[in-house]
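# Close look at the chain arrangement
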Amino acid sequence: MERTHTSLRRGWTTGSCATAAARAAWCGLCGGAFPDPVTIVLPGGQHVAFALAAHGHDGDGAWAEVVKDAGDDPDVTHGAHVRVDVRRGPPGSGVVFRAGEGVGTVTLPGLPVPPGEPAINPVPRRMIRTALRDVSGREPDVVVTVSVAGGQDMARHTLNGRLGIVGGLSILGTTGIVVPFSCAAWIDSIHRGVDVARALGLPHVAGCTGDVSERATRALYGLPEEAMLEMGDFAGGLLKYLRRHPVGRVTIGGGVAKMTKLAQGFLDLHSRRGQADMTRLAALARGMGGPDPLVEDIARSHSVAAAFALAAGAGYPLGPAVAHGAWQAAADVLAGNDCVLDVLLFDRAGTLVARHGPHPVRG
């Protein structure tokens, strides 16, 4: 397995695993022999070999199975058994995809494949078609059924339900390679959430940093589930996509610590990207007329929550100023987008601490 410059192992997408299983199964059906390992070509031109976990014939069809190795990425599908069954289709039918056990079906518009289709994304479909064509010399007439053992349970830990993908996982991948901790899959899910919301014609979407702020925001506005975008730490990933794919109204909600980081110019809100600057929080208190001892205590605070508590206890709440700063940071990213924006700050219990907006974004 390939290693990155950080010595983390790269892995393979479900799309790559399905392609390898499909090629092996088709070889087994056409000639009776299952190549093991089986080699496929990734979209970037790399040749990669996969070991088969199992294979066999099933009446007039054949099947093969590959175990997904996600490398060092904390992927919910690591170790999943990806199985592909192939059967000859009617003449002229080409390659037809089916969702087997543990693979979802698309039910909402806005995704790369239309409603009613199995949740097998365009690049994996293209990879599978290419692999089968390489075996046959032309595109064959074949029904390809992709299954993932336990995929329905795994899907509960993904954003599929919110995207309208029911019954299991999506078969994903654009490069065929999983880059550890690249966060690309999460950001891609955020983008697909925006696409679904736009396709449904939703006038208002909300991106939140976690479950508490999401539940509170949804309750405050009565938004449907499809309007809730699981932003997490990726404020920049959401806002930049919304700038290019606008929605009429955008709400950004989060806890005081994450929103303080946004107000201070962070677009990746994860702790590894840096911590909130307590001296800047202290300066906010000073700007409100806070006495020197309070300002000094805030500057020495060990957490944003502690700083907020100190300021609120002394009668100088930081929430409104932080909400305003976070709104401005988000508005700067959305500049040129004709939308209305508001920012909500919540405490750990989901109580609204402060808000700014809704105001139209200008510029």
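The coordinates are above.
Residues numbered from 1 in each chain as written. Predicted model: local features only at pLDDT ≥ 70, side-chain atom pairs only at ≥ 80, totals over all residues. Heavy atoms only, no water.

## Structural notes on the nonpolar core
Quick note on the threshold: Nonpolar cores are built from buried Ala, Val, Leu, Ile, Met, Phe, Trp, Tyr and Cys residues. Side-chain atoms within 4.5 Å join them into one set. Throughout, exposure labels follow a simple rule: accessible area from a 1.4 Å probe, protein chains only, divided by the maximum for the residue type, with under 20% read as buried, over 50% as exposed, and the rest as partly exposed. Secondary structure counts use DSSP, requiring at least four H or I residues in a row for a helix and at least two E residues in a row for a strand, with both numbered from the N terminus. Contact between two residues is taken to exist if any of their heavy atoms lie within 4.5 Å; hydrogens are not considered.
Ranked by internal contacts, the top residues of the largest apolar core, which has 53 residues, are I252, L281, L341 and L345. Element by element, the count of residues in this core is highest for helix α11 (residues 319–333), at 8 residues. Residues contacting L345, with those up to four places away along its chain left out, are G254, V256, M259, F308, G319, V322, A323, T351, L352, V353 and A354. Counting 41 residues, the second largest nonpolar core, distinct from the first, contains I40, L52, I120 and V146.

## A look at helix α1 (residues 14–31)
Basically, it comes down to this: Any helix carries an expected span of 1.5 Å times its number of residues minus one.
Its 18 residues place the ends of α1 26 Å apart at the C-alpha level, agreeing with the 26 Å of an ideal helix rising 1.5 Å per residue. Once α1 finishes, G32 follows within two positions and takes phi at roughly 90°, a positive value.

## Here's the deal with unusual backbone geometry
With an omega dihedral of 5°, the bond running from D36 to P37 counts as a cis peptide bond. Note on placement: P37 falls in the loop between α1 and β2 (38–41). With an omega of 10°, the peptide bond between G357 and P358 qualifies as cis. If you trace the backbone, P358 turns up in strand β18 (residues 352–360).

## Re empty space enclosed by the protein
What counts is decided by this rule: Think of a 1 Å grid over just the protein atoms. A cavity is a set of points where a 1.4 Å probe fits yet cannot get out, a pocket is an open set with protein on both sides within 12 Å along at least five of seven lines, and lining residues have an atom within 4 Å of a point. Grid points are joined across faces, edges and corners, and a volume is the space filled by probe spheres set on the points. Each residue gets one of three labels, nonpolar for Ala, Val, Leu, Ile, Met, Phe, Trp, Tyr, Cys and Pro, charged for Asp, Glu, Lys and Arg, and polar for the others, Gly among them. For every domain, the bounds stem from an assignment made automatically or drawn from a database.
This structure, assessed with the given rule, holds 1 cavity of 30 Å³ or more. Its volume calculated, the largest cavity comes out at about 70 Å³. The wall of the largest cavity is formed by L159, R162, L163, S189, I190, G193, E226, M228, L229 and E230. Listed by contribution, the elements that provide at least two residues to the lining of the largest cavity are α4 (184–199) and β15 (228–229). Among the elements that line the lining of the largest cavity, the one with the most residues is α4, at 3 residues. The residue inventory of the lining of the largest cavity, partitioned by class, reads 5 nonpolar, 2 polar and 3 charged. Residue-level mapping places the lining of the largest cavity at the junction of two domains, with at least three residues from each of domain 1 (11–178) and domain 2 (183–361).

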